[in-house]
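As a plain string of letters, each chain reads:
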Amino acid sequence: VIDSHFDNRVVAFRHFDTNLSNAVVYPEFEAGCKKLQIDPERIPFIWRSLDDDISGVLTLAEFDEDSDNVLRDFKVFCETHFGSVGAAFDAMDDDSSGALSHREFESAMSRLGFAGSIP
């Protein structure tokens, strides 16, 4: 049901993680489902199907383990090569625009040898 509303699970996770805590609690999930006009009676069942460890909190790993792994690997890569993710993005900004284009990102990842997938 969730997949039919988003291009990928990372985008879906960000839809529900309204406070940007990298965790989704049930009230956030419920509100996000209502915005998508999902039948309110289905929401608890969808939640339970995603909350693998029954912790009451959804993580990106529960939404999409592969994407979670790539993002973790990317974070480690940035910290190892640049000291932080922010410093990595600054270093990849070839034109010093303060923004990173998809081209700049792809070029830097290829040049630096990051092995994760680039969407």
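Residues numbered from 1 in each chain as written. Predicted model: local features only at pLDDT ≥ 70, side-chain atom pairs only at ≥ 80, totals over all residues. Heavy atoms only, no water.

Student: A description of the nonpolar core should follow, citing residues and the corresponding values.
Tutor: Among the nonpolar cores identified, the biggest contains 17 residues, and Ile2, Phe16, Phe29 and Phe63 are the most heavily contacted of them. When residues of this core are traced back to their parent elements, those giving at least two are helix H1 (9-16), helix H2 (26-35), helix H3 (43-50) and helix H4 (60-63). In terms of residues, this core owes the most to one element, H3, which gives 4 residues. Once you skip the residues sitting within four places of it in the chain, isoleucine 2 turns out to touch Ala12, Phe16, Phe29, Cys33, Ile38, Ile46 and Phe63. Core analysis: the second largest hydrophobic core is formed by 9 residues, Phe74, Cys78, Ala108 and Phe114 among them. (Core = buried A, V, L, I, M, F, W, Y, C linked by side-chain atoms within 4.5 Å. Buried < 20%, exposed > 50% of the residue type's maximum accessible area, 1.4 Å probe, protein only. Helix = DSSP H or I, 4+ residues; strand = E, 2+ residues; numbered from the N terminus. Contact = heavy atoms within 4.5 Å.)

Student: Report on the environment of phenylalanine 74, specifying residues and quantitative values.
Tutor: One can find phenylalanine 74 in helix H5 (residues 65-82). Apart from residues no more than four positions distant in its own chain, phenylalanine 74 is found in contact with Val85, Phe89, Met92, Phe105, Met109 and Phe114.

Student: Could you give me a rundown of the packing of H2 against H3, with the residues and numbers involved?
Tutor: At their nearest, the axes of H2 and H3 sit 10 Å apart, and the two run at 125° to each other. Classified by the angle between their axes, H2 and H3 sit oblique to one another. Considering how the two elements wind past one another, H2 and H3 form a crossing that is right-handed. Each of Tyr26, Phe29, Glu30, Cys33 and Lys34 in H2 lies in contact with H3, whose residues at this interface are Ile43, Pro44, Ile46, Trp47 and Leu50. (Axes fitted to C-alpha atoms, helices over the stretch in contact; angles between N-to-C directions. Parallel < 35°, antiparallel > 145°, perpendicular 65-115°, else oblique. Left-handed = near helix turned anticlockwise from the far one by under 90°.)

Student: Tell me about unusual backbone geometry, residues and numbers included.
Tutor: Excluding glycine, a negative phi dihedral is what most residues carry, and trans is how most peptide bonds are arranged. A positive phi angle, near 55°, is found at leucine 20, a position not held by glycine. For leucine 20, a relative accessible area of 64% translates into the label exposed. The backbone of glutamine 37 sits at a positive phi, close to 60°, despite the residue not being glycine. Since its relative accessible area comes to 73%, glutamine 37 is described here as exposed.

Student: Tell me about the pattern of salt bridges, and please be specific about residues and values.
Tutor: All chains considered together, the criterion is met by 4 salt bridges. Residues aspartate 3 and arginine 9 are paired through a salt bridge, measuring 2.6 Å at the closest nitrogen-oxygen approach. What makes aspartate 3 partly exposed here is its relative accessible area of 44%. As a salt-bridge pair, arginine 72 and aspartate 68 come within 2.8 Å of each other at their nearest N and O atoms. Taken together, the residues arginine 72 and aspartate 68, both in helix H5 and 4 residues apart, mark about one turn of the helix. (Salt bridge = Lys/Arg side-chain N within 4 Å of Asp/Glu carboxyl O.)

Student: Any chance you could break down a negative patch on the surface for me, citing the residues and the numbers?
Tutor: The grouping of Asp52, Asp53, Glu65 and Asp66 at the surface amounts to a negative patch. By the secondary structure assignment, aspartate 53 is in the loop between H3 and strand E2 (57-58). When its relative accessible area of 52% is taken as the criterion, aspartate 53 is described as exposed. (Patch = residues over 30% accessible without salt bridge, like charges linked within 9 Å, V, L, I, M, F, W, Y side chains within 5 Å. Areas by Shrake-Rupley, 256 points an atom, 1.4 Å probe, with all protein chains shown as cover. Lys, Arg positive; Asp, Glu negative; His and termini not counted. Charge placed at Lys NZ, Arg CZ, Asp CG, Glu CD.)

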